[in-house]
Amino acid sequence: MKQQFISSFSMFILFLHCANTFAQIPAAAPAQAPAVVVASPPAATPTQAAAPHGITNVTKILEKAGHFTIFIRLLRSTQEENHLFSALNDSSTGLTIFAPTDSAFSELKSGTLNTLSDGDKSELVKFHVVPTFLSTSQFQTVSNPLGTWAGTGNRLPLNVTSYPNSVNITTGLTNTSLSGAVYTDNQLAIYKIEKVLLPKDIFASNAPAPAPVAPAPEKPAKAVPAATVESPAASVDISSALFFTHNLVVGSAGLLASAIFSL
């Protein structure tokens, strides 16, 4: 009986030990979810590549500078804005632009721009663009007339004269000077001018003809006294007198003869 009690007690102790051992075994970690694979975006194709930085935009420069609203409008309406953009990316010689201010356009006769055709407007803009970069010091050595995008020649003259402190520009119809540099980066130079450069090719033919000069009044000639001309003597008709004398003589002779016969 005592041995049975001891055996039962031993079994009880063993049970408690096993239970404690199982309680100390850590629970199995939950199964991890499969990792999510994030796909990287496809590489950009050449057509999707962003435009390179640093491309010069003339209209943006003029907008930032201010006071060039009308010239910007002309650049856009004539598509010369795109022409400038392409030229600055492709040209190795650069560009020089003479940019008239809004006050320069206000000096034109009212409605002048509205009377121009699209072709004339385009030529007017091109006349302000020289197809090479010119610093202020290089104006001292350029050859006149300057060639512009509009061309050159007697109908499109553009001449510059450099002085120690100024650069003068003439077209035959416009005479002005550079009034400051708006932008320069050794490829593009934009200079401000206070008058619109008018090419003869457009505006010489449209200019009103000068009023005819009235001839000077002629001085009255001195009156020359009329020469005294003696009128020829009136011809005398003597035939009647001769006839009268003849009759008188004949009559007298007849009377004389009668008197003699009567004696």
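Residues numbered from 1 in each chain as written. Predicted model: local features only at pLDDT ≥ 70, side-chain atom pairs only at ≥ 80, totals over all residues. Heavy atoms only, no water.

### A short note on the sheet that holds strand β5 (residues 175-184)
With mixed pairing, the six strands of this open sheet are ordered in space as β2-β1-β6-β5-β4-β3. If you trace the sheet from one side to the other, it starts and ends with β2 (129-130) and β3 (159-163), each paired once. Pairing analysis gives five bridges linking β3 to strand β4 (residues 166-170), with the strands arranged antiparallel. In the sheet register, valine 160 faces β4, and the bridge partner there is isoleucine 169. (Pairing = 2+ DSSP bridges. Helix = DSSP H or I, 4+ residues; strand = E, 2+ residues; numbered from the N terminus.)

### Points about unusual backbone geometry
Residue proline 145 follows asparagine 144 across a cis peptide bond; omega there is -5 degrees. By the element assignment, proline 145 lies in the loop between β2 and β3. The phi dihedral of glutamine 79 falls on the positive side, at around 70 degrees, and the residue is not glycine. Relative to the helices and strands, glutamine 79 is located in the loop between α3 (69-77) and α4 (80-90). On the accessibility criterion, glutamine 79 (48% relative accessible area) is partly exposed. Phi is positive for asparagine 186, close to 70 degrees, though the residue is something other than glycine. Residue placement: asparagine 186 occurs in the loop between β5 and β6 (188-193). Owing to a relative accessible area of 68%, asparagine 186 belongs among the exposed residues under this scheme. (Buried < 20%, exposed > 50% of the residue type's maximum accessible area, 1.4 Å probe, protein only.)

### Here we look at the pairing of β6
The element β6 is extensively covered by neighbouring structure, given that five of its six residues are classed as buried. Bridge analysis of strand β1 (residues 95-100) against β6 gives six bridges, and the strand direction is parallel. Paired with threonine 96 across the bridge in β6 is alanine 189. As defined by bridge partners, β5 adjoins β6 across four bridges and the pair is classed as antiparallel. Residue alanine 181 lies in a different strand from β6, and its bridge partner there is tyrosine 191. Counted between consecutive antiparallel strands, the loop separating β5 from β6 contains three residues, among which asparagine 186 sits at a positive phi close to 70 degrees.

### So, the nonpolar core
Nonpolar side chains in soluble globular proteins tend to be buried together. Formed by 29 residues in total, the largest nonpolar core has its most connected members in Val58, Leu62, Leu84, Leu95, Ile97, Leu188 and Ile190. Looking at which element gives the most residues to this core, the answer is α3, with four residues. Sequence-distant contacts of isoleucine 97, defined by excluding residues within four places in its chain, comprise Val58, Phe71, Leu84, His128, Val129, Leu188, Ala189, Ile190 and Tyr191. In terms of nonpolar packing, the next biggest core, distinct from the first, is built from 17 residues, Phe127, Val167, Ala189 and Ile193 among them. (Core = buried A, V, L, I, M, F, W, Y, C linked by side-chain atoms within 4.5 Å. Contact = heavy atoms within 4.5 Å.)

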